[in-house]
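# Structural overview
Chain by chain, the residues run as shown.
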Amino acid sequence: MNEIIGYISAIAFALMAVPQIVTIILTKSGSGTSWLFLILNYIGNLCAIYYIVSKDIISGAVHFPLYLNYGVATLNLIILSILKLTYRRNDDR
């Protein structure tokens, strides 16, 4: 049961940026997403990935739900950043 809850949590957190990605694509504007939000998320995700991997190397454990969570969340942040940069011309108007 704990494993199922872990996967549900990982999927929910990993996909929480998808509605923002869809909104940016539909409106062709990234003005609703701040750079500070993105930067803080990058820092949090990358530090968490480092922490989890280093702990798993030491202990020999594998926390796949956490890898899934932070990996997909970081990929979504990259997509958000690219979209924000792509549509920045529309935001200047």
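First things first, this report covers the structure right here in the doc. None of the values given here were measured: they were computed from a predicted structure.

### Considerations on the overall build of the chain
Each helix and strand in the chain was counted, giving five helices and zero strands. Order of helices (α) and strands (β) in the chain, N terminus to C terminus: α-α-α-α-α. Relative to the globule expectation of 12 Å for 93 residues, the C-alpha radius of gyration of the chain, 16 Å, shows a markedly less compact shape. Dimensions of the chain, computed from the C-alpha atoms along their principal axes, are close to 55 × 25 × 15 Å. In the chain, once contacts between residues fewer than 6 apart in sequence are set aside, the share between residues at least 24 apart is 78%.

### Remarks on the packing of helix H1 (residues 2-15) against helix H4 (residues 64-86)
Viewed as axis vectors pointing N to C, H1 and H4 meet at an angle of 5 degrees, and their least axial separation amounts to 8 Å. Between H1 and H4, the angle is such that the two are roughly parallel. Packed against H1, whose contacting residues are Glu3, Gly6, Tyr7, Ala10, Ile11, Phe13, Ala14 and Leu15, the element H4 presents Phe64, Pro65, Leu68, Asn69, Val72, Ala73 and Asn76 at the interface. For the contact of H1 with H4, a count of residues per class yields eleven nonpolar, three polar and one charged.

### Some remarks on the packing of aromatic side chains
Scanning the model with the defined rule gives one aromatic pair in all. Centroid distance Tyr7 to Phe64: 6.2 Å. Interplanar angle 45 degrees. Geometry classified as tilted. In this pair, Tyr7 sits in helix H1 while Phe64 sits in helix H4, placing the two residues 57 residues apart along the sequence.

What counts, and at which threshold
Residues numbered from 1 in each chain as written. Predicted model: local features only at pLDDT ≥ 70, side-chain atom pairs only at ≥ 80, totals over all residues. Heavy atoms only, no water. Helix = DSSP H or I, 4+ residues; strand = E, 2+ residues; numbered from the N terminus. Rg over C-alpha atoms; globule rule 2.2 N^0.38 Å. Contact = heavy atoms within 4.5 Å. Axes fitted to C-alpha atoms, helices over the stretch in contact; angles between N-to-C directions. Parallel < 35°, antiparallel > 145°, perpendicular 65-115°, else oblique. Nonpolar A, V, L, I, M, F, W, Y, C, P; charged D, E, K, R; others polar. Phe/Tyr/Trp six-rings, centres within 6.5 Å; stacked < 30°, edge-to-face > 60°.

Any link to function would need more than the numbers given here.
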